[in-house]
Structure formats: structure tokens, C-alpha cells
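Listed below are the residues making up each chain.
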Amino acid sequence: MGEALASNRQDVAAVVIGRNEGERLELSLLSVQAAGLPLVYVDSGSSDGSPDVAREIGVPVVELDPCRPFSAGRGRNEGVQEALRRWPGISYVLFLDGDCILAPDFASAAVATFQEDLECAIVTGHLSERFPERSIYNRLCAIEWRSPAGEITNMNSLGGIMVVRVSAFLSVGGFNLEAIAGEEPDLGARLMMARHSIIKIDAPMATHDAQMLRFGQWWKRAVRGGHALAHRYALHGRTKLRDGRRELLSDLFWGLALPVACVVLLWPTRGLSLLLLGGYAAFAWRVYRHYRGAGLSSSDAALVSRFIVYGKFAHVLGIFKFWRNRSRGEFRIIEYK
């Protein structure tokens with residue numbers, strides 16, 4: 001069994017991406033080395049010496065050319081190119097963010113899944129938050145990572161930590177370089193339309209360190225999420241997948257249409273239109289009951305329901321940012337850390 005696992009790991013190389021991750025980066029890189037995987041680190045213009053940290057522990061570094069816009073998708077694509085140049089025989093690439101620590105046996109479990117299902121293009125596992133007690137925003141991330149194992153059909157649950165089959169990845173052109181966020185659901189949508197499957201296995205994948213301690217950080221992350229959603233809809237919302245359609249309509253209703261209706265109808269209804277705001281309480285209650293049914297404590301369910309309502313307004317701002325950026329023909333990353 002040990003020999004089989006070692007053989008599997010020789011088929012996998014890791015691409016770690018980061019930008020100003022600080023001490024978290026070294027922990028991330030060391031976790032990949034401890035798992036026995038060859039790896040490259042791709043840096044997006046860090047100013048904290050991250051490339052030197054990687055080189056000091058023997059990790060090859062790709063520093064992205066600052067003359068072109070940075071994006072996670074670009075970093076991962078260039079990382080794959082470097083990995084294939086160094087290890088041309090690999091069949092799979094593991095993507096890891098520089099704020100995450102890899103579970104030691106995840107790569108082997110992923111390869112076993114690929115070998116059982118030849119149509120599978122992506123394997124993910126369980127992600128956990130390293131310090132959920134440090135802030136309510138870290139706690140929200142911890143709750144966000146929760147999802148059951150099985151085949152993934154809703155691209156919302158596909159994140160940046162995954163193992164991909166190289167042949168399938170290359171066949172759809174890799175990550176979309178214009179996607180400043182949400183590049184993973186976009187990749188997943190294209191792979192699904194190419195008749196590949198995406199599977200989450202019931203195994204630990206990695207530990208994430210959000211280090212999100214302020215409301216402003218959470219808000220910018222939510223704005224970025226709205227931008228990503230609008231981009232997904234623009235790309236795949238009108239295909240048979242209808243990717244992002246339901247979520248986009250929900251955001252536009254709760255984050256734009258309802259408050260505008262309240263204001264526009266305020267004078268004609270002599271203030272009665274303000275009663276429409278009670279819809280937010282009903283919506284939050286529905287979300288609360290959903291998460292209670294999913295096993296969350298009452299306090300966590302209340303926290304999530306409150307911030308999902310807040311998030312509708314941030315998402316609308318992100319949606320507008322996307323359409324503005326698209327009209328200008330330029331997409332630049334939205335940083336929240």
C-alpha cells in the first residue's frame with residue numbers, strides 16, 4: 001500500500017500561489033514538501049520577501065511579470081507551465097493557496113479517485129479554518145467551507161484548492177485570465193460542459209488561515225464575490241448550466257430592486273412601502289432555518305443569516321464593478337487582506 005501511495009505522488013506536482021502571505025507561506029510550502037510532492041511557488045508581486053522565503057527552503061519560484069495584471073488564474077496557469085517543464089511526466093496538478101496547509105494524504109486519495117473514475121477532472125476534499133475563534137469573519141469562512149462529499153454540480157462550492165487532471169485542464173485552456181475572482185467555478189463549468197465530473201471526497205484536504213479580522217476585509221471579499229458571480233453569469237449563465245443565474249437574480253432582487261422599490265414608492269404609498277423591508281426579516285429567517293437544519297448552532301445560524309443579507313448589497317456593488325470593468329476592457333484584482 002505504501003509503495004502504491006508513493007507511486008501516486010510521483011504523478012502529482014503542486015502549484016502554490018501567494019501574495020504577501022507572510023509566515024503562512026512557509027507553513028504552506030513545508031506542508032507540501034512533507035506530503036512528498038514536487039512543487040513550484042508562484043508569486044504575484046509580493047513586497048514582504050515571499051519569493052526569498054520559498055527559495056530558502058528549496059522551492060522553485062515563478063515571479064509574475066508586473067507589466068501584466070495579476071490574477072489567481074494567471075498565477076496557476078503559469079505555475080502549471082513551469083511544473084510541466086520541470087516534471088513533464090506528471091498526470092495531475094495540486095493547486096494550493098499560500099495561506100493554506102495541505103493535509104498529508106490528500107494527494108494520494110485524490111489520485112486514487114482519478115484512477116477509479118476516468119471522467120473525473122477535479123478532486124477536492126474537506127477544507128477547515130485554522131483559527132475560527134479569532135473573529136466572526138473567520139468563523140463565517142469556517143461555515144462557508146462546509147459541504148457534503150459527493151459529485152459537485154453547483155460551482156459555488158468549488159474553491160481554489162483542488163487536484164486537477166492535467167489532460168482535462170489543458171483541453172479547456174486552463175484558467176480564464178480575465179477572471180479576477182471565481183476562476184475556479186468558471187473552470188469547473190467548462191469542464192462539466194466537456195462532460196467531465198468534479199468530485200469532493202470525504203477526506204481532509206487542507207487548513208485555511210483567512211486572517212480576516214475587520215468588517216472592511218469581509219466587505220471587500222463580498223464585493224469581489226459579486227464581481228465573480230457576474231463574470232460567471234456573463235460566461236455561462238445562458239448555457240445549459242445556467243451557472244450563476246439564480247444567485248445573480250437573488251442578489252439583484254434583495255440588494256437592488258427591493259430597496260429601490262421602497263424608496264420610489266415611499267411618497268405614493270405615504271410610507272407604507274417601508275413595510276416591504278420586512279422581507280429581509282423573512283429572508284433571514286428562511287436562511288436561519290436552513291442552516292439550523294444543516295446542523296449549525298443557533299448562534300452560528302443567526303450569524304450567517306445576518307451576513308448573507310449584508311452580502312446582497314456588497315454583491316450588487318461587485319456586479320456593477322464587473323460591468324464597468326468589462327466595458328473598459330480591464331480587470332484588476334480586488335484585494336481584501
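Residues numbered from 1 in each chain as written. Predicted model: local features only at pLDDT ≥ 70, side-chain atom pairs only at ≥ 80, totals over all residues. Heavy atoms only, no water.

Colleague: Got a minute to help me understand unusual backbone geometry in this structure?
Modeller: Backbone geometry follows two general trends: most residues other than glycine have a negative phi, and most peptide bonds adopt the trans configuration. Notably, N20 is not glycine yet its phi reads approximately 55°, a positive angle. Mapping N20 onto the fold places it in the loop between β1 (12-18) and α2 (23-34). Despite not being glycine, R242 shows a phi value in the positive range, around 50°. Mapped onto the elements, R242 comes out in the loop between α9 (215-236) and α10 (245-264). (Helix = DSSP H or I, 4+ residues; strand = E, 2+ residues; numbered from the N terminus.)

Colleague: I tried to follow the nonpolar core on my own but got confused; where do I start?
Modeller: Inside soluble globular proteins, nonpolar side chains tend to come together where they are buried. In this structure, L37, L94, L96 and F106 are the most contacted members of the largest nonpolar core, which totals 50 residues. The contacts of L94, once residues within four sequence positions are left out, are V12, A13, A14, V15, L37, L102, F106, A107, M162 and V163. Among the nonpolar cores identified, the runner-up in size contains 28 residues, and A83, M155, M162 and L187 belong to it. (Core = buried A, V, L, I, M, F, W, Y, C linked by side-chain atoms within 4.5 Å. Buried < 20%, exposed > 50% of the residue type's maximum accessible area, 1.4 Å probe, protein only. Contact = heavy atoms within 4.5 Å.)

Colleague: Mind showing me how you'd approach the packing of aromatic side chains here?
Modeller: Centre-to-centre distance and the angle between the planes together describe a pair of aromatic rings. Scanning the model with the defined rule gives 17 aromatic pairs in all. Centroid distance F215 to F307: 6.5 Å. Interplanar angle 50°. Geometry classified as tilted. Residue F215 is located in helix α9, and its partner F307 is located in helix α12 (residues 298-328); the two are separated by 92 residues in the primary sequence. Assessed through its relative accessible area of 5%, F307 is described here as buried. Cation over ring: R134 sits above F131, and NZ or CZ is 3.7 Å from the ring centre. (Phe/Tyr/Trp six-rings, centres within 6.5 Å; stacked < 30°, edge-to-face > 60°. Lys NZ or Arg CZ within 6 Å of the ring centre and 35° of its normal.)

Colleague: I keep staring at the pairing of strand β4 (residues 92-97) and nothing clicks. Help me out?
Modeller: Within a regular beta strand, the side chains point alternately toward one face of the sheet and then the other, so they alternate between its two faces. Of all 6 residues in β4, 5 are buried, a share of seventy percent or more. By the bridge criterion, 6 bridges tie β1 to β4 in an arrangement that is parallel. Across the sheet, residue V12 finds its bridge partner in β4, namely Y92. As defined by bridge partners, β4 adjoins strand β8 (residues 162-165) across 4 bridges and the pair is classed as antiparallel. The residue of β8 that forms the bridge with F95 is M162. (Pairing = 2+ DSSP bridges.)

Colleague: Sorry, what's going on with the pattern of salt bridges here?
Modeller: Close approach of charged atoms allows side chains of opposite charge to pair. Applying the stated criterion across every chain yields a total of 16 salt bridges. The shortest N-O distance in the salt bridge between E78 and R68 comes to 3.4 Å. Residue E78 is found in helix α4 (residues 72-86), and its partner R68 is found in the loop between β3 (61-63) and α4; the two are separated by 10 residues along the sequence. Note on R68: relative accessible area 39%, which makes it partly exposed. The residue D251 makes a salt bridge to K312 at a minimum N-O spacing of 3.1 Å. Taken together, the residues D251 in helix α10 and K312 in helix α12 connect sequence positions 61 residues apart. Judged on exposure class, the residue D251 and its partner K312 are both buried. Overlapping salt bridges, with partners in common, bring together R76, D97, E183 and E184 in one network. (Salt bridge = Lys/Arg side-chain N within 4 Å of Asp/Glu carboxyl O.)

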